[in-house]
Every structure is written in C-alpha cells, then in structure tokens.
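Remarks on the overall topology
Chain by chain, the residues run as shown.
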Amino acid sequence: MSGTRLKAAILIVSQTASEDPSTDKCIPILKEVFTNLGNDQWDVAISEIVPDSILHIQNFIRTHTDGETPVNLIITSGGTGFAVKDVTPEAVTPLIDRHAPGLVHGMLASSYSVTPFALMSRPVAGVRKSTLILTLPGSPKGAKENLEAVLKLLPHACVQAAGAESRPLHVGGVKKLEADAGVSSTSSSSGASRGPHHHHHHDHGHSHGHGGGHAIPRAHTKPEDRPQSNDPNAGPTRRYRSSPYPMLAVEDALKLIAEQTPSPTVQKVPVDMSLTGSVLAEDVNATESVPAFRASIVDGYAVKIPSTGKFRKGVYPVALVSHAQAGDVQELKEGEIARITTGAPLPPGADAVVMVEDTVLRSQTDDGKEEKEIEILADDVQAGENVREVGSDVKAGDTIMRKGEGITVVGGEFGLLASVGTAEVSIYKRPVVGVLSTGDEIIPHDRPGPLKLGEVRDTNRPALLTSIRGHGFEAIDLGIVSDKPGALEQTLRTALRTVDVIITSGGVSMGELDLLKPTIERSLGGTIHFGRVNMKPGKPTTFATIPYKSSAGARATKAIFSLPGNPASAVVTFHLFVLPALHLQAGISPVGLPRVRVKLEGSVRMDRQRPEYHRAVVVARGDGEGLVASSTGGQRSSRIGSFKGANALLCIPAGEGSVEGGVVEALLMGRSRLR
Ligand SMILES: *[C@@H]1O[C@H](CO)[C@@H](O)[C@H](O)[C@H]1NC(C)=O
C-alpha cells in the first residue's frame, strides 16, 4: 500500500436522516475518527444515507464492492438493534463471503466496557470480494467508540482482503504488525520472548510462509459462532436450517432484476421470418418508393396531353397495352392511347388515365381479338388524373419504422418492411434461455412404464420451455441434472457458453439450496441477489448473476433464475420475474405481463402474510362492460391443474378474510377468451 491511501465508504442507515440529511450527526464524527486515528492511511471519499431498507443497503454495498473500483472498507451505522425496522445485519450478512467474528467481538468488548447495553447491538463484520464491511451502531457515540476500537487494525486486514500477498506483510511478525498499527498486544512480554516468528495463535489468515512453529492450531471462534458453511463438499449436517436470505417484497425483487439485467445488445439481421418478436434498435428508412412507378388506379386508357395543354375528346388509336405485370412498356406518342389495367405502370410519355366508363369501343382489329379505336368521351382530362404517383405511399428515404417498435405476430410491421425491400435491420438481440431440472428423483416426462417409488415426472422443464417459446424467445433444453457433486457446475458452465439466461427448477427448497448457492457463488464467481420473495406461490424464488467471459474474451453478465420445484409456482414465477428480464434484455417495452383491472366473480381467501398471485380465467363481458375473472380453484403450489384454462394471475393482497366480488388487479398471461 506504499503511497496509496485506503478507500473507505460510510453508509448511514436511518429513515429520519434519509428524509432530512441535516439530522445526521454520524458522518462528521466518523470522518473525524478516520482523521484522528487513521494515521493518514484513509481516504473517506464516499458517504451516503439510506432508509432502513434491505434493498438500499445491499445496493450501496454491491455498488462499492462489486463494481470496477471497489473500496477497501465499508462501515455502516444504524439498523443493528432489535427493533423490527432494524435490518442492517439481515442486509449485510447474505452479502458476506467470509465472516470476521473477531472484529465483532472486538467492537462488542470495547462498547461493553462502557455499557452493558452494548450487547443489545447485532454487529456483523466480514469480507465481500475484496472489501471489508463493518456494521456500527446508530448512535454517534456508539459508532465512534466501535470504530475507534478497531480502526488501527483495519489497514492490515484491508490490504490482505484486497489480495496483497501475505508473506511480505508478515516479515517482522506480529510485533511489526502491532508497531505498524500503533497498538500493543496485551500479552506483550510473552510475545516478545518468542522472537519474530510469532508462535502464539494470532490468526492472520495466512497459510504459508511461516517456517513451522504452529504446534497445535487453535481457532479463535467456537463452532457455534461460525457462519454456516457454503462449501459444496460439506455434508447435510452443515446445511442451512433456515433460509439465509432476507425476504424481499415482489416490487423490490423486480427492481433488483431490472438493475442487474444487462442492457440490450444490438445486432444486424436479414429481414426474414425469424424477425418476428424482435424490437428495432434503429430507425428503418425506406430504400425504395412505394409505388416504385407511376401506376393507374383504374381500368381504362392512358392518354398523353398534347403540347397545347388541352386534351380533346374524340376517337384515338389504341397503340399499346399495359398490364399489371413486369416488363418494358413502349413510349406513348401524342394522339395515341394505351389500354391499361388497375395497378399497371403508365407507359412513358402518358400523363393521365381515362376510366373505361368514359369511353366507347369504336373498332376492333381484323381478327376481332384486340381493340383498334376507342372514343374518349371526356374533354377535361387533367395531367395526373387517376394516376398513383411514385412514392405516394412511401417515399425512398422516409422513416417507416422507429427504434423501439416491435415486429409483431400480427404481421403488419413485417409487411411494411417487406414492401420497401428492406434487406437488413438492426434489432435488439433476444436472449436465449436454457432450462434445466435438478434432482435424482426427476425422470423425463415421457419415459415409458410405471413410476418407481419416489420417482417424479419432470413437469416444470417442458412447461417452462413451452412458455418461453410461446413468448417468442429461443429456449434450449438443458435436461435433468443429477444431484451428484459437480454435475450442476458442469451443466451450468457448458450452458453459459450458449445461453444468456438459465432457469433451474427444483433446486431451491431448503437443502438443495446448499448445492446451488455454492455452485453459483464459489465455483462460478456469481452473486445471489435474492433467495426469498414475499409471495404465494413462489417464496423460494432465487435470482443470481454470473460474470462470463467467452473464449474470444467478450464479457457478459448471465442471469440464473432458480424457480421453485412446484409446477404451479414455477410457471407463476416465470411470468412474474423471468419474463420482465427477458423483455428488458430484448428491448421490449412495456416489460412483463399487461396489468388490467377485472371484476372478481365469487370470492378468494386472502393469505395473512403473503400477497398471492391467484390463477384465474379472465373473459371479456358480452355487454362490453369490461373484464370478469373467476378463480381456477384450488391453488396449492403443486397443483398444476389450477393452470388449466388460466390466462391471468389475480393480484390478491395479503390480509384477513376474503376478497369478495369487487375490482382487483390482474396480470394477463395469455390471450383472453370471449364469453
Ligand atoms: C433515416 O433518415 C433520417 C432522416 O432522413 C436520418 O436522420 C437517419 O439517419 C436515417 N437513418 C438511417 C438508419 O439511415
């Protein structure tokens, strides 16, 4: 760290201060601690105030840990108490890769020496990626004492967390570390007698570079103090017993998905049938005019207005015939006329068309097959009469479609592009979605023969593949992945090469999460953004992103959605969470399912805690008075039958009792049917 200072960020978690920053006392006090005790090693460049919200806290932390320029230290103040609103530990804990209980003990011990109420705080400390995170209490005094207690120790930890090699740092042993930090060991006499290679059990996290001497390794923490393992090789006894994720509201989960979804990428593609469902990334200008030639809009006779400027009625010879078919047409001379059909090109030289109703046949050719002479009854024929001019529909160079407009299944947009001979357009690349099921008990849905005990036919994968394709996205079947160690990682790695979004289903109930979480976080270097959502069905819905570098060196972010294993939950959460992400990536707007208001027929029981997405059939009322919804019945999340005929999800709020009749919001999933 020679010369460069360590970067620190301060996050104040307080509803009051977030509404009125002038009420905050902590930022100046904490900055002062850095100035007074920081030994000129710190640069406190960032400070921010957020309300008591898991989403806000996590956003701040991720911004300063996961981005291009991570800070070395984040300290938060506030939200560590026992009140219901206090969520800082719940926000920070899931983000920590490696916990630092020693720092927690240190902070608590120092405050405890001042007041026993120090124990009423729930601090968290640890490392995310290369950043050390500490949560301090909300009171300026408490925050100051806690920071003062540990600040001098932090540079060493931060430098190690940032990835510096530990060996050079340790030359001189713990004595030098203490001297550098300006602190002294409480057992300095025994420490001194041991010389530079310290032999007592001071844990610096180093694993090499100290020529022996650690006789009996002794940990500083008791097993019950340690965070739960996320090691994929850990057995079932080390598994999480309850979900380690905070519960997010559906809106917050959707916000996170929107933030983490990569912006659309632009692609030039030929205009062909595969375009349907795409959104234009650039205006389209007509390269040709429509019509491309002067055409007659009636059946009749093309005439040339004489140089005198006035056309006279009379008998004219039929010199030419022009049909609506491609080919050369001879030039029309003054005093001649040409028979012409609707849509056919005017012969060169012709100025107007006289409709057949204004003419009389005078004579035929000798064989009786063709007209020879025609009498024109009209006298006041104007130039341009009954002629569709070049470019009167679309002029070459006109913008015919705008960036952001879609090529829909209705067909009209494709027709427009085709009409002017557009060869190539720029569109947003539609994400490719891979779907896999997990679990040794899952068998392909079409495996013949009766089920053995415990076997379950794979319902979710085919259902999800159908739904993805139905929404116009390419879906790749990644098959069923066994629970054997390594199988999931291998499948995900292979899939990342070809797909943009991966949906797994079946692997997010408690226990199985132990396989998915470490595979994403440890093996693939990804981030789990949420693992629980306050909704019914679909509570264990999990969303993660994985950084990906192709063999050609291109970088991309790929999303993984782990949907609940219950079939109805999987289909609901696909529509609610995955579809908006696909829309965003494809530049489709508005994203997600259309939201409408419907009149509920019958009643639906509310869930006390969780808002429910209730499968229903929505129909348009015959009298044109809007939409009516009726439940598809039992909504148990394993009951895929509740989807039969369902074309909507009713948004039923949490509460006591039932929603009876009245108007509720609904998300339309499929085509509405007419009663
Ligand atoms: C289309 O035409 C407009 C206006 O003439 C021009 O500004 C734009 O650059 C053109 N766009 C393309 C894609 O050629």
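These numbers come from a predicted model, not from an experiment.

1. Some points on the overall build of the protein
In terms of regular secondary structure, the protein is built from 16 helices and 34 strands. Here the protein holds 675 residues, and 45% of them are scored as buried. If you take every contact in the protein between residues at least 6 apart in sequence, the share linking residues at least 24 apart comes to 71%. Of the roughly 33500 Å² of accessible surface on the protein, a fraction of 52% belongs to carbon and sulfur atoms.

2. Re the sheet that holds strand β6 (residues 131-136)
Pairing is mixed in the open sheet, where six strands are placed in the order β2-β1-β3-β6-β5-β4. Each having just a single partner strand, β2 (42-50) and β4 (98-99) make up the two edges of the open sheet. The sheet contact formed by strand β3 (residues 73-77) and β6 spans five bridges and is parallel. Looking at β6, one finds that Ile75 is bridged to Leu134.

3. Notes on the site of the ligand
Glu282, Asp283, Asn285 and Thr399 make up every residue found near the ligand. Within the side chain of Asn285, one N or O atom sits 2.4 Å away from an oxygen atom of the ligand. Look at the ligand: alone it shows 360 Å² of surface, and the protein chains cover 35% of it. For the shell around the ligand, a count of residues per class yields no nonpolar, two polar and two charged.

4. Section: unusual backbone geometry
Here Val290 and Pro291 are connected by a cis peptide whose omega angle stands at -10°. Positionally, Pro291 belongs in the loop between β8 (284-285) and β9 (295-296). Omega for the peptide link from Ser589 to Pro590 comes to -5°, which places this bond in the cis form. Structurally, Pro590 is set in the loop between α16 (567-586) and β27 (595-601). Notably, Asp40 is not glycine yet its phi reads approximately 60°, a positive angle. Even without glycine at this site, Lys129 takes up a positive phi of about 50°. Here Lys129 lies in the loop between β5 (125-128) and β6.

5. Let's talk about the nonpolar core
Ile57, Ile503, Phe561, Phe574, Phe577 and Tyr613 are the most contacted members of the largest nonpolar core, which totals 59 residues. Counting residues per element, this core draws most heavily on α16, which supplies 12 residues. In this structure Ile57 touches Leu11, Val13, Val50, Pro51, Val87, Thr88, Ala91 and Val92, once residues within four positions along its chain are discounted. Grouped together as the second largest cluster of nonpolar side chains are 30 residues, Ile27, Ala100, Leu132 and Val150 included.

6. Comments concerning the pattern of salt bridges
Enumeration according to the criterion identifies 24 salt bridges in this entry. Here Glu521 ties to Lys517 by a salt bridge, and the two come within 2.9 Å at their closest N and O atoms. Taken together, the residues Glu521 and Lys517, both in helix α15 (residues 513-523) and four residues apart, mark about one turn of the helix. Accessibility assignment for this pair places Glu521 and Lys517 in one class, buried. Three or more residues are tied together by salt bridges with common partners; here these are Arg339, Glu370 and Glu371.

7. Here's the deal with the sheet that holds strand β23 (residues 501-505)
One open sheet accounts for six strands, arranged β22-β19-β23-β26-β25-β24; its pairing is mixed. Strand pairing shows two members of the sheet lacking a second neighbour, β22 (475-481) and β24 (527-530), which therefore form its edges. With strand direction ignored, the average angle separating the axes of adjacent strands in the sheet is 20°. Of the strand pairs in this sheet, strand β19 (residues 433-438) and β23 are connected by five bridges, and their pairing is parallel. Directly across from Val435, in β23, lies its bridge partner Ile503. Sheet contacts for helix α13 (residues 460-470): β19, β22, β23 and β26 (555-563); angle to β22, the most-contacted strand, approximately 170°.

8. Overview of the side chain of Ser562
Within the fold, Ser562 resides in strand β26. Its relative accessible area of 1% is what places Ser562 among the buried residues. Within the local environment of Ser562, its side chain forms a polar contact with the side chain of Thr504, the two groups lying 2.7 Å apart.

9. Some points on the side chain of Glu455
Within the element layout of this structure, Glu455 appears in the loop between β20 (442-443) and β21 (456-457). For Glu455, a relative accessible area of 18% corresponds to the buried category. Polar contacts involving the side chain of Glu455 include one to the main-chain amide nitrogen of Lys452, which spans 2.9 Å. Sequence-distant contacts of Glu455, that is, excluding residues within four places in its chain, are made with Glu441, Ile443, Arg447 and Pro450.

10. Here's the deal with the environment of Ile407
The topology assignment puts Ile407 in the loop between β17 (399-401) and α12 (412-419). Apart from residues lying up to four places away in sequence, Ile407 is in contact with Leu275, Thr276, Gly277, Ser278, Leu280, Met401, Glu413, Phe414 and Leu417.

11. Considerations on helix α3 (residues 54-66)
Three or four residues apart is the spacing at which side chains of an α-helix point the same way, because the helix has 3.6 residues per turn. Taking 1.5 Å of rise per residue, 13 residues should cover 18 Å, and α3 covers 17 Å from first to last C-alpha, within 8% of that figure. Within α3, 10 of the 13 residues are buried, leaving the element largely enclosed by the surrounding structure. Within α3, burial applies to Ile54, Leu55, Ile57, Gln58, Asn59, Phe60, Ile61, Arg62, His64 and Thr65.

12. Side note on the environment of Ile257
Relative to the elements of secondary structure, Ile257 occurs in helix α11 (residues 250-260). As for Ile257 and Phe561, which are separated by 304 residues in sequence, their C-alpha atoms are 10.0 Å apart. Leaving out residues up to four positions away in the same chain, Ile257 has contacts with Phe530, Phe543, Phe561, Phe577 and Ala581.

13. Comments concerning the confidence of the model for the protein
A residue-level look at the protein finds 85% of positions with pLDDT of 70 or above and a mean pLDDT of 84. Below pLDDT 50 for its whole length, residues 187-214 participates in 30 contacts with residues either more than four positions away or in separate chains.

14. Some points on the packing of helix α2 (residues 26-37) against helix α6 (residues 140-150)
Between α2 and α6, the shortest axis-to-axis distance is 9 Å and the interhelical angle comes to 25°. Put simply, α2 runs roughly parallel to α6. α6 is crossed by α2, and the crossing has right-handed handedness. When α2 is examined against α6, the residues Cys26, Ile29, Leu30, Val33, Phe34 and Leu37 are found in contact with a partner set consisting of Pro140, Ala143, Lys144, Leu147 and Glu148. For the contact of α2 with α6, a count of residues per class yields nine nonpolar, no polar and two charged.

Parameters at a glance
- For every chain, the first residue of the written sequence is number 1, and numbering continues from 1 onward in sequence order.
- With the structure being a predicted model, the display of local features is reserved for residues of pLDDT at least 70 and the display and counting of side-chain atom pairs for 80 or more, all residues being used for whole-chain, interface and lining totals.
- Each side-chain value is derived from all of the structure's non-hydrogen atoms; neither hydrogens nor water enter the calculation.
- Helix numbers and strand numbers start at the N terminus; a helix is a DSSP run of H or I with at least 4 residues, a strand a run of E with at least 2.
- Throughout this description, buried means an accessible area under 20% of the type-specific maximum (1.4 Å probe, protein chains only), exposed means over 50%, and partly exposed covers the range between.
- Contacts were defined at the residue level, with two residues in contact if any of their heavy atoms lie within 4.5 Å.
- Under the convention used here, a 1.4 Å probe and the Shrake-Rupley method define accessible areas, while residue burial counts only the protein chains that appear.
- DSSP calls a pair of strands paired once it identifies at least 2 bridges connecting them.
- It suffices for a single heavy atom of a residue to lie within 4 Å of a molecule or strand for the residue to be listed as near it.
- Any pair of N or O atoms that falls within 3.5 Å is considered a polar contact. Within protein, one atom must be able to donate a hydrogen and the other to accept it, and sequence-neighbouring residues count only if both atoms are side-chain atoms.
- The residue classification treats Ala, Val, Leu, Ile, Met, Phe, Trp, Tyr, Cys and Pro as nonpolar and Asp, Glu, Lys and Arg as charged. All others, Gly included, are polar.
- Take the buried residues of types Ala, Val, Leu, Ile, Met, Phe, Trp, Tyr and Cys, join any two whose side-chain atoms come within 4.5 Å, and each joined set is a nonpolar core.
- Think of a salt bridge as a Lys or Arg side-chain nitrogen and an Asp or Glu carboxyl oxygen that are within 4 Å of each other.
- Lines fitted to the C-alpha atoms define the axes, with helices restricted to the stretch that makes contact. Angles between their N-to-C directions range from 0 to 180 degrees.
- Each helix should span, by expectation, one fewer than its residue count multiplied by 1.5 Å.
- Values of pLDDT, the confidence the predictor places in each residue, fall between 0 and 100.
- To sort the angles, those under 35 degrees are grouped as roughly parallel, those over 145 as roughly antiparallel, those from 65 to 115 as roughly perpendicular, and the leftovers as oblique.
- Here is the rule for handedness: rotate from the far helix to the near one, and if that takes an anticlockwise turn smaller than a right angle the crossing is left-handed, while a clockwise turn gives right-handed.

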